[in-house]
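# Examination of the molecular architecture
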Amino acid sequence: MLLTRSQTFDPIVTLFSQKKKGRLSIPLILAPMAGVTDLPFRQLAHRYGADLTVSEMVASQAMIRQTPKSLKIATSSREEGLEAVQIAGSDPEVMAEAARMNVALGAQIIDINMGCPVKKIVKNGAGSALLRDEKRIGEILLAVIAAVPVPVTIKIRLGWDETLLNAVSVARLAESLGVRCVTVHGRTRAQMYRGKADWEAIGRVKAAVSIPVIGNGDVTTPQEAREMQEVAGVDGIMIGRGSYGRPWIFRQVAAYLSGETGDDQPSLQEREQVVVDHFQAMIRFYGETIGNRMARKHLAWYTKGMVGGAQFRKEVNQSADSERSLALTLAFFKDQQQRRAA
Ligand SMILES: Cc1cc2nc3c(=O)[nH]c(=O)nc-3n(C[C@H](O)[C@H](O)[C@H](O)COP(=O)(O)O)c2cc1C
């Protein structure tokens, strides 16, 4: 049977149609974070209720050259839930080609990075540098939207700096060209990650367009999620650093926004299971050596603030062998259980 256009699966419609999901809470999204939101971490976030996850940004130039790193970043899996792949770049044709390749590899949504403040990216006219060039934004959007059959979304900041706060204008332009959803990080490029995200300014973008707006910046607790929703009236909430070492934050926020307490902490046993599963998934994904090295920062986040955590991190950071790292992790959690029992 042929599907009509309206019956075709549309990830953005699915994401924002709460009735269908029978949930009170708005969609929760794992932010794209280079070096963090690889496939293993995104799968974990899905397991804990993230409605959409976004890959690390993949440089469009590297993507079209099919470098091993870019192909790794672009790996997505539809099994756990909705996944967007984020592309960065400044050349419309290169970005269109990178988008096409990502869709061929399975991306359900193409997100375009217009917020990265890092010098290396900005000096090439990509990331937040695009906010200074709306003409270029228009060219990129036209090229990418024409190139792929999946929804195209953008992630922006409030503007370049205090003198160029153009998030509203960029969001309107994007909407007019067919972008399906805008995520706004409530800081300017000049702020980098300093200061506090301005949720009211995110609300001004929400009020200016009809497409869904996702709010982002400084949500680390269920209460902050509610506050952002109230202040900005956003259609979805994106969480980045608040998920470090606690992918269960999505479960807690969803519970709280649905009227529950949202303070259900995972048991020590559940934590241990998550850490071990995550570690093993990283070894499978990256291989022994790289996986072991890349897992260190996650192990550090998981054990932050726990008794004996500093000593554990010191040892695991020196372990070049994944079996030893796993043994150290199991011993650390056994020790935690014994402390609790004592
Ligand atoms: C380590 C790190 C890497 C990031 N990488 C990306 C990226 O690849 N693409 C992007 O759009 N934003 C990136 N960001 C920005 C986050 O997506 C998010 O906008 C920012 O951290 C604010 O949200 P938060 O307060 O919830 O962390 C990154 C942030 C961090 C901390």
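Refer to the structure presented above.
Below is a short write-up of the structure.

Each value, and the rule that gives it
- Residues numbered from 1 in each chain as written.
- Predicted model: local features only at pLDDT ≥ 70, side-chain atom pairs only at ≥ 80, totals over all residues.
- Buried ≥ 20, exposed ≤ 12 C-beta atoms within 10 Å, placed from the backbone.
- Helix = DSSP H or I, 4+ residues; strand = E, 2+ residues; numbered from the N terminus.
- Arc of directions from axis to C-beta.
- Contact = placed C-beta atoms within 7 Å.
- Right-handed = clockwise from strand over helix to strand, strands pointing away.
- Pairing = 2+ DSSP bridges.
- Axes fitted to C-alpha atoms, helices over the stretch in contact; angles between N-to-C directions.
- Near = placed C-beta within 6 Å.
- Nonpolar A, V, L, I, M, F, W, Y, C, P; charged D, E, K, R; others polar.
- Core = buried A, V, L, I, M, F, W, Y, C linked by C-beta atoms within 7 Å.

Before going further, it helps to examine helix 9 (residues 167-177). Among all positions of helix 9, only Ala 167, Val 170, Ala 171 and Ala 174 are buried. Each buried residue of helix 9 sits inside an arc of 100 degrees when the element is viewed along its axis, so together they form one side. Summarising the contacts, the buried residues of helix 9 are in contact with helix 8 (134-147), strand 5 (152-159), strand 6 (181-188) and helix 10 (199-208). Where helix 9 ends, the next residue or the one after it, Gly 178, has phi of about 110 degrees, a positive value.

A few words on the pairing of strand 8 (residues 236-239). Side-chain alternation along strand 8 places Gly 236 and Met 238 on one buried face and Ile 237 and Ile 239 on a second face that is also buried. Read from strand 7 (residues 213-216) through helix 11 (residues 222-232) to strand 8, the crossover connection turns out right-handed.

As summarised here, the arrangement of the eight strands in space is 1-2-3-4-5-6-7-8, forming a closed barrel in which the pairing is parallel. Pairwise comparison of adjacent strand axes, ignoring direction, gives a mean angle of 30 degrees for this sheet. As paired elements, strand 1 (residues 28-30) and strand 2 (residues 52-59) share two bridges and run parallel to each other. When the sheet's bridge partners are listed, Ile 29 is paired in strand 2 with Leu 52. Helix 8 rests against strand 4 (109-114) and strand 5 of the sheet, and its axis sits at about 165 degrees to strand 4.

Within the structure, the ligand sits among 22 residues, and Ala 31, Met 33, Met 57, Gly 240 and Arg 241 are positioned closest to it. Residue composition of the shell around the ligand, by class: nine nonpolar, nine polar and four charged.

What follows concerns the nonpolar core. Formed by 81 residues in total, the largest nonpolar core has its most connected members in Ile 29, Val 58, Ile 87, Ile 110, Val 144, Val 182 and Ile 237. Core analysis: the second largest hydrophobic core is formed by eleven residues, Phe 279, Met 282, Ala 295 and Val 316 among them.

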